[in-house]
Amino acid sequence: MADKKIAKSERNETGGIVNKKDLAKLKLPPEVSAIINRCPGYVVAGSAAELADLACRDAVNGWHEVAYDVPGKGKVVEARVCRVRNGIAANYIEPYMRRRDPECMVIADDQPTNKQRFKDRFGSSFNELRKETFDWLSGQELAVYPFVAGAPNIGIDSIVVAPANAGFFAFGLALLQGILDPENLPENFSPKAVIYVAPPFRHTHFNGKQVVVHNRLKEMYEMFSYNLYPGPSAKKGVYGMLINLGEQENWVTAHCSAVQVVTPYDNKLTIMHEGASGGGKSEMLEHVHREHDGRLLLGSNLATGAKRYVILPRTCELHPVADDMALCHRDLQKGDGKLYLMDAEDAWFVRVNHINHYGLDPHLEGVTINPAVPLLFLNIDAQPNSTALIWEHIEDSPGEPCPNPRVVIPRSIVPDIINGAVSVGIRSFGVRTPPCTKEKPSYGIIGLFHVLPPALAWLWRLVAPRGHDNPSIVQSEGMTSEGVGSYWPFAAGRRVDQANLLLQQFLDNYRTRYILCPNQHIGVWDVGFMPQWIAREYLARRGGANFTNNQVTPARSPLLGYAMKTLMVEGQTIGDWFLEVEKQPEVGVEAYDKGAEILRQFFHNQLSGFLEADLMPEGRKIIECCLNGGTLEDYCSLIEAEPIIDEQ
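Parameters at a glance
- Residues numbered from 1 in each chain as written.
- Predicted model: local features only at pLDDT ≥ 70, side-chain atom pairs only at ≥ 80, totals over all residues.
- Heavy atoms only, no water.
- Helix = DSSP H or I, 4+ residues; strand = E, 2+ residues; numbered from the N terminus.
- Rg over C-alpha atoms; globule rule 2.2 N^0.38 Å.
- Buried < 20%, exposed > 50% of the residue type's maximum accessible area, 1.4 Å probe, protein only.
- Contact = heavy atoms within 4.5 Å.
- Areas by Shrake-Rupley, 256 points an atom, 1.4 Å probe, with all protein chains shown as cover.
- Lys, Arg positive; Asp, Glu negative; His and termini not counted.
- Charge placed at Lys NZ, Arg CZ, Asp CG, Glu CD.
- Salt bridge = Lys/Arg side-chain N within 4 Å of Asp/Glu carboxyl O.
- Polar contact = N/O pair within 3.5 Å; in protein donor to acceptor, adjacent residues only side chain to side chain.
- Arc of directions from axis to C-beta.
- Core = buried A, V, L, I, M, F, W, Y, C linked by side-chain atoms within 4.5 Å.
- Pairing = 2+ DSSP bridges.
- Axes fitted to C-alpha atoms, helices over the stretch in contact; angles between N-to-C directions.

A. Quick peek at the overall build of the protein. A tally of helices and strands in the protein yields 16 helices and 33 strands. A globule of 648 residues ought to have a C-alpha radius of gyration of about 26 Å, and the protein, at 25 Å, matches this closely. For the protein, the spread of C-alpha atoms along the three principal axes comes to 80 × 55 × 45 Å. Out of the 648 residues belonging to the protein, those deemed buried represent 62%. Put simply, 73% of the contacts in the protein that link residues at least 6 apart link residues at least 24 apart. Summed over all atoms, the accessible surface of the protein reaches about 23900 Å², with 48% contributed by carbon and sulfur. Considering the protein, the positive charge centre built from 64 side chains and the negative charge centre built from 77 side chains are found 1 Å apart.

This is the structure we're talking about:
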């Protein structure tokens with residue numbers, strides 16, 4: 001490989017610029033300058049296309065191996081990468097590396113945190129490993145480039161330092177977060193964050209586990225990615241940077257998708273859909289999946305095999321706003337009682353495990369098969385020079401498809417996308433729910449959707465259940481929490497600080513309405529993501545109209561707010577067993593109540609940790625209401641908001 005080293009004083013094979021003038025423009029931190037001055041070669045990339053070329057630069061017979069010499073192990077291949085007609089396809093050798101490990105984050109600094117510190121988990125200070133990481137990077141050919149985490153003027157100027165042979169990772173990060181041309185940097189560009197990528201340390205120091213170390217220095221946010229799956233670092237790691245900035249400036253980066261829905265009658269409604277990984281954020285931006293005959297499969301009964309369909313000749317137009325992260329920056333707010341947000345990313349990390357055959361989602365298929373720019377495909381079964389197809393998933397083991405195939409899609413090629421800020425009409429929360437039956441009660445007792453008062457909606461965001469059969473993360477047993485706003489796994493600070501920031505949003509935005517929406521199961525019915533698609537169509541057609549007592553009723557569990565009594569979409573009535581799960585004969589009242597008790601215990605276990613001295617008084621009242629067995633009427637009285645229920 002010696003003949004392929006990149007000279008520091010000339011343009012490299014991918015067109016990257018590598019002269020000292022460009023490095024001066026980057027205003028590199030001293031640590032990065034020292035690494036680059038010692039390394040055998042580097043690329044200063046100025047576009048995602050350059051990084052796409054780098055991703056397969058050393059391909060043999062079409063395949064580029066991302067491999068490292070690891071002391072004690074020899075050569076370790078992390079991933080195999082190939083160029084396909086529609087972009088770059090990368091596949092990890094280990095099934096473990098194909099999903100995010102929810103325990104990957106550790107904190108190296110001494111600033112306030114509720115997260116595990118590096119020295120507590122690994123028994124030593126991070127300083128020595130930090131130096132070892134810099135030494136290792138100094139011996140590698142590197143890819144370096146600047147970007148802005150978030151958005152210009154309300155984000156963080158940042159630098160990436162990664163091994164050049166992991167070009168696919170750098171390419172994915174550049175798609176997700178953007179990349180700046182070093183020749184045309186803004187004059188005020190001043191890095192306040194650095195991402196260091198050093199994959200072999202996963203094996204030498206962390207027993208093969210995904211670890212991402214966050215180090216919040218006084219003038220610099222350092223993130224050390226010791227693995228090559230983009231989820232913990234290129235996405236959620238950058239998310240952690242934005243959360244930290246918001247803590248300092250009193251604003252939130254929400255874990256959500258957002259879409260402007262336009263009805264066939266030209267009514268418009270913007271829905272913000274939050275939830276833990278797998279909670280349906282990307283799916284909220286998808287068009288309704290239809291059967292071959294055009295009908296919508298509402299659900300399949302797991303006990304009887306019965307199926308229920310809905311006929312919807314024309315669905316709403318969708319104008320996507322954000323897919324996973326949204327800036328709710330204070331400068332975007334207008335003080336009119338509604339929340340304003342904009343996308344925090346340049347591309348979307350779209351999970352396609354539910355796309356398992358051709359024709360299921362023609363819109364997404366069309367965007368990914370013949371894109372205007374190269375895409376990054378992860379965990380997709382593709383060969384060199386083929387067309388990567390989003391329904392061709394690699395297998396974790398024979399007959400077991402990977403549950404987390406992904407494609408990174410730049411916003412610039414998403415049809416009908418909205419740039420800039422929008423106001424939120426409906427704020428939805430998604431929960432992956434298991435089947436619930438008399439024989440096996442569970443928390444799968446959530447109806448098609450529930451209407452929540454603001455205080456209860458805030459509690460759901462504090463507990464943020466990861467839910468059933470989560471495809472996006474290495475799964476833990478039982479019901480677990482993703483916590484505060486469903487973005488707690490990515491935050492480096494304290495839970496109570498984020499709880500307060502979220503609560504202030506709920507207090508300020510008194511005109512926003514809240515719903516709770518399940519996916520996967522409603523009682524004994526297998527429903528996939530159809531509940532949120534039906535809710536989207538129904539609520540957009542309703543516009544801002546209030547519900548009446550004939551349409552909603554207090555749910556049997558107070559934690560579920562109001563259940564729908566009746567629901568009609570385009571003249572078709574949805575069966576009440578989809579709305580009030582206790583009415584399903586396979587469930588009944590007794591199994592429902594056992595599921596409600598599972599939810600109650602989960603809420604109690606999660607909420608007690610928020611009762612710290614600096615929790616806002618309003619938040620303390622809401623949490624204590626829940627711990628003391630509060631009623632729906634109690635929750636309705638705790639945050640003042642525009643009425644959602646008319647008495648008539």
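B. Up close: the side chain of Arg-406. Checked against the element boundaries, Arg-406 lands in strand S22 (residues 406-410). Although Arg-406 is buried, it forms no salt bridge, and the closest oppositely charged side chain is Asp-323 at an N-O distance of 6.4 Å. At a separation of 2.7 Å, a polar atom in the side chain of Arg-406 contacts the main-chain carbonyl oxygen of Phe-349. Within polar-contact distance, the side chain of Arg-406 engages the side chain of Asn-404 at 2.9 Å.

C. Highlighting helix H2 (residues 30-38). The complete set of buried residues in H2 reads Val-32, Ile-35 and Ile-36. Taken down its axis, H2 places every buried residue within 95° of arc, on the same side. Counted as exposed and oriented over 90 degrees from the buried face of H2: Pro-30, Asn-37 and Arg-38.

D. Representation of the pattern of salt bridges within the structure. If you walk through the whole model with that rule in mind, you get 35 salt bridges. Across the pair Asp-497 and Arg-494 runs a salt bridge whose closest N-O atoms are separated by 2.9 Å. A salt bridge links Glu-537 to Arg-541; its shortest N-O distance comes to 2.5 Å. With Glu-537 and Arg-541 both in helix H13 (residues 530-542) and four residues apart, this pair spans about one turn of that helix. Pair check on accessibility: Glu-537 and Arg-541 agree, each one buried. Here the salt bridges do not stand alone but share partners, grouping Lys-235, Lys-236, Asp-324 and Glu-345 into one network.

E. Structural detail: the nonpolar core. If you look at the biggest cluster of nonpolar residues, it comprises 216 residues, and the most contacted ones within it are Phe-168, Tyr-226, Phe-449, Trp-458, Leu-459, Trp-460 and Phe-603. Every residue in contact with Phe-603, bar those within four places of it in the chain, is listed here: Leu-459, Trp-460, Val-463, Leu-559 and Cys-626. Listed in part, the 13 residues of the second largest apolar core include Cys-256, Ala-258, Leu-339 and Val-422.

F. Broad picture of the side chain of Glu-283. Looking at the element boundaries, Glu-283 is found in helix H9 (residues 281-284). Setting aside anything within four residues of it in sequence, one finds Glu-283 in contact with Arg-351, His-354, Phe-529, Gln-532, Trp-533 and Arg-536.

G. Quick look at the sheet that holds S22. With mixed pairing, six strands are arranged side by side in an open sheet as S2-S3-S4-S19-S22-S18. In the strand order of this sheet, the two ends are held by strand S2 (63-70) and strand S18 (347-351), each with one partner. Strand-to-strand twist across the sheet, computed as the mean angle between neighbouring axes with direction ignored, equals 20°. Contacting S2, strand S3 (74-84), strand S4 (87-92), S18, strand S19 (375-378) and S22, helix H6 (residues 167-177) runs over the sheet at an angle of about 120° to S19. Helix H10 (residues 362-369) contacts S18, S19 and S22 of the sheet and is inclined by roughly 75° relative to S22.

H. Quick look at the sheet that holds strand S10 (residues 221-225). An order of S1-S6-S7-S8-S10-S9-S5 is seen for the seven strands of this open sheet, with the pairing classed as mixed. Each edge of the open sheet is held by one strand with a lone partner, namely strand S1 (41-44) and strand S5 (105-107). On average, each strand axis in the sheet is tilted by 20° relative to the strand beside it, whichever way the strands run. In this structure, S1 lies alongside strand S6 (residues 141-149), joined through four bridges in parallel fashion. Bridging from a neighbouring strand, Val-43 pairs with Ala-143 of S6. Sheet strands in contact with H2 are S1, S6, strand S7 (156-163), strand S8 (193-197) and S10, and its direction is about 35° off that of S8.

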